Amino acid sequence: MPHASRSTPEDRGDRVLRTARAMDDAPPQAALREVYDAHYGRLAGWTGKLVGDPDLAHDLATEAFVKLVRSWSTIDEPRAWLYATTANLVRDHWRRRGREQTAYGKVGLAQESAAPPDLATRLTVRDAVLALPDRLRVVVLLHYFADLTVAQIATHLGKAEGTVKRDLFDARHRMALLLEGVR
């Protein structure tokens, strides 16, 4: 007897979306609920690790779902779309935070920084990822932390697959150089 493959909640969420589109009488609320149940918890947890604030993470994950509802009829892979959208929201948050710190520094309200941390004891892979430029950081987050394929990343970022592969290569090289000095 052939072994039946198990589907993950993520697979079911994507499948429900396609089925709901195929059936004119399927209520979108049920399909949305299934996608939400399949993806929200992991998406919020992933986002929390990126921003370091659980409340902000839930806000960003919720905002991604609001955008999903608005774009519902055009999305084929909700999981990939949600992670790519959330990665963009996180990137926007990081940019805003950087601009705020610059503005505070100009008016003399910059936070006092202690002695520079000892990289041998303080540098983590997360720090190395955060040190990457935006274009490299996003593909690393989507590929290694959200488990999206190169093809999914390319589709959702509007890049060629070769460009995504090159960005991943460049990111790994930069992080290796940074982390090499820590050993």
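Worth saying up front: this structure is predicted, and the values here are computed from it rather than measured. (Residues numbered from 1 in each chain as written. Predicted model: local features only at pLDDT ≥ 70, side-chain atom pairs only at ≥ 80, totals over all residues. Heavy atoms only, no water.)

1. Points about the overall build of the protein
- What the protein contains, in helices and strands, is nine helices and zero strands.
- For the protein, the N- to C-terminal ordering of α and β elements is α-α-α-α-α-α-α-α-α.
- Put simply, the protein has 183 residues, and 35% of those count as buried.
- In the protein, once contacts between residues fewer than 6 apart in sequence are set aside, the share between residues at least 24 apart is 65%. (Helix = DSSP H or I, 4+ residues; strand = E, 2+ residues; numbered from the N terminus. Buried < 20%, exposed > 50% of the residue type's maximum accessible area, 1.4 Å probe, protein only. Contact = heavy atoms within 4.5 Å.)

2. Regarding a nonpolar patch on the surface
- Judged by side-chain polarity, V125, Y144 and F145 come together as a nonpolar surface patch covering roughly 280 Å² of accessible area.
- Relative to the elements of secondary structure, Y144 occurs in helix α7 (residues 134–145).
- Using a relative accessible area of 39% as the deciding quantity, one classes Y144 as partly exposed. (Patch = residues over 30% accessible without salt bridge, like charges linked within 9 Å, V, L, I, M, F, W, Y side chains within 5 Å. Areas by Shrake-Rupley, 256 points an atom, 1.4 Å probe, with all protein chains shown as cover. Salt bridge = Lys/Arg side-chain N within 4 Å of Asp/Glu carboxyl O.)

3. Focus on the packing of aromatic side chains
- All told, the structure shown has four aromatic pairs when counted by the stated rule.
- An angle of 20° between the planes, with centres 4.8 Å apart, marks the rings of Y36 and Y40 as stacked. Taken as a pair, Y36 and Y40 lie in helix α2 (residues 28–51) at a separation of four residues, close to a single helical turn.
- Classification of Y36 as partly exposed rests on a relative accessible area of 32%.
- Judged by relative accessible area, Y40 falls into the buried class, the value being 11%. (Phe/Tyr/Trp six-rings, centres within 6.5 Å; stacked < 30°, edge-to-face > 60°.)

4. Side note on the environment of V90
- With respect to the helices and strands, V90 occurs in helix α4 (residues 78–106).
- Classification of V90 by relative accessible area gives buried; the value is 1%.

5. Description of a negative patch on the surface
- On the surface, a cluster of negative charge is made up of D53, D55, D59 and E63.
- Note that D59 resides in helix α3 (residues 54–70).
- Of the residues examined, D59 reaches a relative accessible area of 51% and is grouped as exposed. (Lys, Arg positive; Asp, Glu negative; His and termini not counted. Charge placed at Lys NZ, Arg CZ, Asp CG, Glu CD.)

6. Quick look at the pattern of salt bridges
- Going through the model one piece at a time under the given rule, you end up with five salt bridges.
- Between R135 and D167 there is a salt bridge, with its nearest N and O atoms 2.6 Å apart. Of this pair, R135 sits in helix α7 while D167 sits in helix α9 (residues 161–180), and the two are 32 residues apart along the sequence.
- R135 gets classed as partly exposed once you look at its relative accessible area, which sits at 40%.
- Taken together, the shared-partner salt bridges connect R135, K159 and D167 into one network.

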